[in-house]
Amino acid sequence: MQDQLERDVYFMRLAMAEAEKASAIGEVPIGAVIVKEEKVIASAYNLRETEQRAVAHAELLAIDAACQKVGSWRLTDCTLYVTLEPCAMCSGAIVLSRVERVVYGASDPKGGCAGTLMNLLDDDRFNHQAAITAGVCEEECGTMLSTFFRHLRQKRKEEKRRLSFIENPEKT
């Protein structure tokens, strides 16, 4: 069991490095890696704002890259590591691509569909279920997200003040 936890932490840290790449370009810091036979076969980070595409989530980009790498839409014997609990869209892609296991860091109380709001990954009405391991590096993943959003709110507040000053300089 300890060996599995150590592997999970190792690969989650790689997903966190992907999330840092997203943060560096102003994207929500979510990163994902897909592992098969103890080797990373794909990695990605959020590009939703950069590409202005609703489907440019880290998980979907990693799944697409992994499918290209293995030459199949089936990602059996693969584990997806992601810093934030997958949403409904990503959970659907995980089920459809037959990912065997999902390991995530922080829970998502507003959109998590791997156990928080609902669990699409373990619903036996689908023809595939993925095993779930939640909370790996949870604090670090959560801190990365909360820090990003705190800075974003601060930046927006400062921009609003700056625009207010430009429009009404005599009120300051």
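Going by the structure above, here's the rest.
Residues numbered from 1 in each chain as written. Predicted model: local features only at pLDDT ≥ 70, side-chain atom pairs only at ≥ 80, totals over all residues. Heavy atoms only, no water.

Engineer: How should I be thinking about the pattern of salt bridges in this particular structure?
Structural biologist: Two side chains that carry opposite charge are able to pair once their charged atoms sit near each other. Using the criterion set out here, one finds 6 salt bridges in the structure. A salt bridge links Lys21 to Glu18; its shortest N-O distance comes to 2.9 Å. Note that Lys21 and Glu18 are positioned in helix α1 (residues 2-24) at a spacing of 3 residues, about one turn of the helix. Of the residues examined, Glu18 reaches a relative accessible area of 8% and is grouped as buried. In this structure, Arg53 and Glu51 form a salt bridge, with 2.8 Å as the shortest nitrogen-oxygen distance. Residue classification places Glu51 among the partly exposed residues on the basis of a relative accessible area of 36%. (Salt bridge = Lys/Arg side-chain N within 4 Å of Asp/Glu carboxyl O. Helix = DSSP H or I, 4+ residues; strand = E, 2+ residues; numbered from the N terminus. Buried < 20%, exposed > 50% of the residue type's maximum accessible area, 1.4 Å probe, protein only.)

Engineer: What is the right way to look at helix α4 (residues 88-96) in this model?
Structural biologist: An α-helix turns once every 3.6 residues. As a result, residues three or four positions apart point the same way. Of the positions making up α4, those classed as buried are Cys90, Ser91, Ala93, Ile94 and Val95. Structurally, α4 contributes buried residues whose contacts are with α3 (58-70), β3 (78-84) and β4 (101-106). Arg98 sits one or two positions beyond α4 and adopts a positive phi of about 65 degrees. (Contact = heavy atoms within 4.5 Å.)

Engineer: What's the story with the sheet that holds strand β5 (residues 131-134) in this structure? I'm lost.
Structural biologist: The strands making up a sheet are joined through hydrogen bonds of the backbone, oriented either antiparallel or parallel. Spatial strand order, β2-β1-β3-β4-β5: 5 strands in an open sheet with mixed pairing. The two strands at the open ends of the sheet, each matched to only one other strand, are β2 (39-45) and β5. Between one strand axis and the next, the sheet turns by 15 degrees as a mean value, whatever way the strands run. When strand β1 (residues 31-36) meets β3, the two strands line up antiparallel, connected through 5 bridges. Pairing of Val35 across the sheet is with Thr79, part of β3. The sheet strands contacting α3 are β1, β2 and β3, and the helix crosses β2 at an angle near 145 degrees. (Pairing = 2+ DSSP bridges. Axes fitted to C-alpha atoms, helices over the stretch in contact; angles between N-to-C directions.)

Engineer: I would appreciate a short explanation of the pairing of β1 in the present structure.
Structural biologist: Regular strands place side chains that alternate from one sheet face to the opposite one. Among the 6 residues of β1, 5 are classified as buried, and the element is accordingly described as predominantly covered. Once β1 ends, the chain turns through 2 residues before running back antiparallel as β2, passing Glu37 with a positive phi of about 50 degrees.

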